[in-house]
Amino acid sequence: MLRIKITPHWELGREADSPLDTTHLLALLAAVQETGAIAQGARSMGLSYRHAWGQIKRAETLVGHPLLDAGRGRGSTLTPLAQKLIWADRRIWARLSPLLESLASELENELDRTLPRPTPALRVHASHGFAVAALVEQLDAAELPVELRYRNSFESVAALSHGECDLAGFHVPIGEFEAPAAQHYRRWLRDDSHRLVHLAVRTQGLFSAPGNPRRVRGLDDLQRRDLRFVNRPEGSGTRMLTELMLARRGISPADVLGFESAEFTHAAVAAFIASGMADVGIGVQTAAHRFGLHFIPLVRERYFLALDRSAVDRAPMPQVLALLRSPAYRSAVAALVGYEAAETGRVLTVQEAFGS
């Protein structure tokens, strides 16, 4: 199968100048940040000191502001502008990568259909999650064609009921919010015609800046007028969970500054906060960890893959289920901060998962 990779690319410049490709500049700045010196950062990228220094000076001339603070005997540190450029890049990747990955998968399968006797792809529509991304990597390694579309949980399950996909990923909180959350999905899932595959247990909680300088302690703080909240889109499982938790505490969404703002993924929420554009958000612990954010656990939840009952024993599903139960995949899930893989690969009826 032909492979397509689409990655975010952005340039920086002023109207009167040729734009600067940020790809190599940001990699160099990140290397300097990590090593604390231009020479060592350049060496780690296979560049000469002279070439690296020239690249940084050209960028400084373009933006009209220093990117490095360098002093004799004390190494080099990034200026606030350089740090903001790195965070901008991370936010771009966090927001766009899932969308571009979905598009690449669609294009791959469109091209594949023009080839003789193409192998039908496994159609996966899922709420974006780190365990799902790990699954796609394992399926690719096993040379199982996959057509991936990242959609919110409700859209994914609805797509399954309409025959638009083979696996639909969604998540449901454990505990007091499980019943009302599960009821939303029961509009599309039937006890007699669907099965659920347990993918992982993961932890959702509050994100705040490193060190928690705004002293966020819990959901009640979302009513504070000095805290800017960043939400997830309507229809997402995390947005539904947020609304359920706020209602439980008698907090009106109108009292949460920024409630109507939205970022597509957990990583995008984390990047938004890490860049200083918001003070608090809700998402999975893995995203908070990857962006170095403070994390306050709120609830554990189960992530499922729903499928038609008739597909459980039909190719390629037995191979997919065997992969989900493999030590390699379970280890990959367990290695994700905030994820648990003890039940990964277990097949349940809808009633077994949620009761009557």
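Each remark here, short or long, concerns the structure printed above.
On a predicted model such as this, the values are computed, not experimentally measured, just so you know.

### Notes on the overall build of the protein
At step 1: Looking only at helices and strands, the protein has 13 helices and 13 strands in total.
At step 2: In terms of overall size, the protein behaves like a compact globule, its C-alpha atoms giving a radius of gyration of 23 Å where 356 residues would be expected to give roughly 21 Å.
At step 3: A buried classification covers 50% of the 356 residues belonging to the protein.
At step 4: If you sum the accessible surface of the protein, you get close to 17000 Å²; carbon and sulfur atoms cover 51% of it.
At step 5: Within the protein, the 39 negative side-chain charges are centred at a point lying 5 Å from the centre of the 41 positive side-chain charges.

### Considering the layout of surface pockets
At step 1: By volume, the largest pocket amounts to about 880 Å³.
At step 2: In terms of lining residues, the largest pocket is bounded by 30 residues, among which Ser-97, Pro-98, Glu-101, Ala-133 and Glu-137 are the most central.
At step 3: The set of elements that each furnish at least two residues to the lining of the largest pocket consists of helix 4 (80–112), helix 5 (130–141) and strand 6 (146–150).
At step 4: The element best represented in the lining of the largest pocket is helix 4, accounting for 10 residues.
At step 5: Here the residues of the lining of the largest pocket sort into 17 nonpolar, 5 polar and 8 charged.
At step 6: Residue lining of the second largest pocket: Pro-8, His-9, Trp-10, Thr-22, Thr-23, Leu-26, Ala-27, Ala-30, Ile-86, Asp-89, Arg-90 and Trp-93, and that is the complete set.
At step 7: Only helix 1 (22–35) and helix 4 provide two or more residues apiece to the lining of the second largest pocket.
At step 8: If you tally residues by element for the lining of the second largest pocket, the top one is helix 1, at 5 residues.
At step 9: Its residues placed into classes, the lining of the second largest pocket shows 7 nonpolar, 3 polar and 2 charged.

### What to know about the packing of aromatic side chains
At step 1: Scanning all chains against the criterion turns up 8 aromatic pairs.
At step 2: Measuring from centroid to centroid gives 5.1 Å for Phe-154 and Tyr-185, while their planes differ by 55 degrees, and the two rings are tilted. Placement of Phe-154 in helix 6 (residues 153–161) and of Tyr-185 in helix 7 (residues 178–185) is noted, with a sequence separation of 31 residues between them. Taken as a pair, Phe-154 and Tyr-185 share a single burial class, namely buried.
At step 3: Through pairs of rings, three or more aromatic residues link up here, namely Phe-154, Phe-170, Tyr-185, Trp-188, Phe-304 and Phe-354.

### What about helix 1?
At step 1: With 14 residues, helix 1 extends 20 Å from end C-alpha to end C-alpha; this agrees with the ideal 20 Å at 1.5 Å per step.
At step 2: Three or more residues of helix 1 are buried, namely Thr-22, Leu-25, Leu-26, Leu-28, Leu-29, Ala-31 and Val-32.

### Focus: the pattern of salt bridges
At step 1: On inspection of all chains with the given rule, the structure shows 19 salt bridges.
At step 2: For the salt bridge of Asp-191 with Arg-186, the shortest nitrogen-to-oxygen distance reads 3.5 Å.
At step 3: Given the relative accessible area of 35%, Asp-191 is considered partly exposed.
At step 4: Among the residues examined, Arg-186 registers a relative accessible area of 19% and is labelled buried.
At step 5: Close ionic contact of Arg-224 with Asp-226 constitutes a salt bridge, the shortest N to O distance being 3.0 Å.
At step 6: Shared partners join several salt bridges into a network, and the residues in it are Arg-214, Asp-221, Arg-224, Asp-226, Arg-228 and Asp-279.

### Looking at the side chain of Ser-76
At step 1: Structurally, Ser-76 is set in strand 4 (residues 76–78).
At step 2: When neighbours within four sequence positions are excluded, Ser-76 is seen to be in contact with Val-32, Gly-36, Ala-37, Ile-38, Asp-69 and Ala-70.

### Considerations on the side chain of His-125
At step 1: Assignment of secondary structure puts His-125 in strand 5 (residues 122–126).
At step 2: His-125 gets classed as buried once you look at its relative accessible area, which sits at 4%.
At step 3: Of note is the side chain of His-125, whose polar atom sits 3.1 Å from the side chain of Arg-151.
At step 4: Ignoring sequence-local partners within four residues, the contact set of His-125 consists of Arg-149, Arg-151, Ser-156, Ala-159, Glu-164, Cys-165, Leu-167, Ala-168 and Gly-169.

Thresholds, definitions, all that
- Residues numbered from 1 in each chain as written.
- Predicted model: local features only at pLDDT ≥ 70, side-chain atom pairs only at ≥ 80, totals over all residues.
- Heavy atoms only, no water.
- Helix = DSSP H or I, 4+ residues; strand = E, 2+ residues; numbered from the N terminus.
- Rg over C-alpha atoms; globule rule 2.2 N^0.38 Å.
- Buried < 20%, exposed > 50% of the residue type's maximum accessible area, 1.4 Å probe, protein only.
- Areas by Shrake-Rupley, 256 points an atom, 1.4 Å probe, with all protein chains shown as cover.
- Lys, Arg positive; Asp, Glu negative; His and termini not counted.
- Charge placed at Lys NZ, Arg CZ, Asp CG, Glu CD.
- 1 Å grid on protein atoms, 1.4 Å probe; cavity = no way out; pocket = protein on both sides within 12 Å on 5 of 7 lines; lining within 4 Å.
- Points joined across faces, edges and corners; volume = space filled by probe spheres on them.
- Nonpolar A, V, L, I, M, F, W, Y, C, P; charged D, E, K, R; others polar.
- Phe/Tyr/Trp six-rings, centres within 6.5 Å; stacked < 30°, edge-to-face > 60°.
- Expected span 1.5 Å × (residues − 1).
- Salt bridge = Lys/Arg side-chain N within 4 Å of Asp/Glu carboxyl O.
- Contact = heavy atoms within 4.5 Å.
- Polar contact = N/O pair within 3.5 Å; in protein donor to acceptor, adjacent residues only side chain to side chain.

These figures come from the coordinates and say nothing about function on their own.
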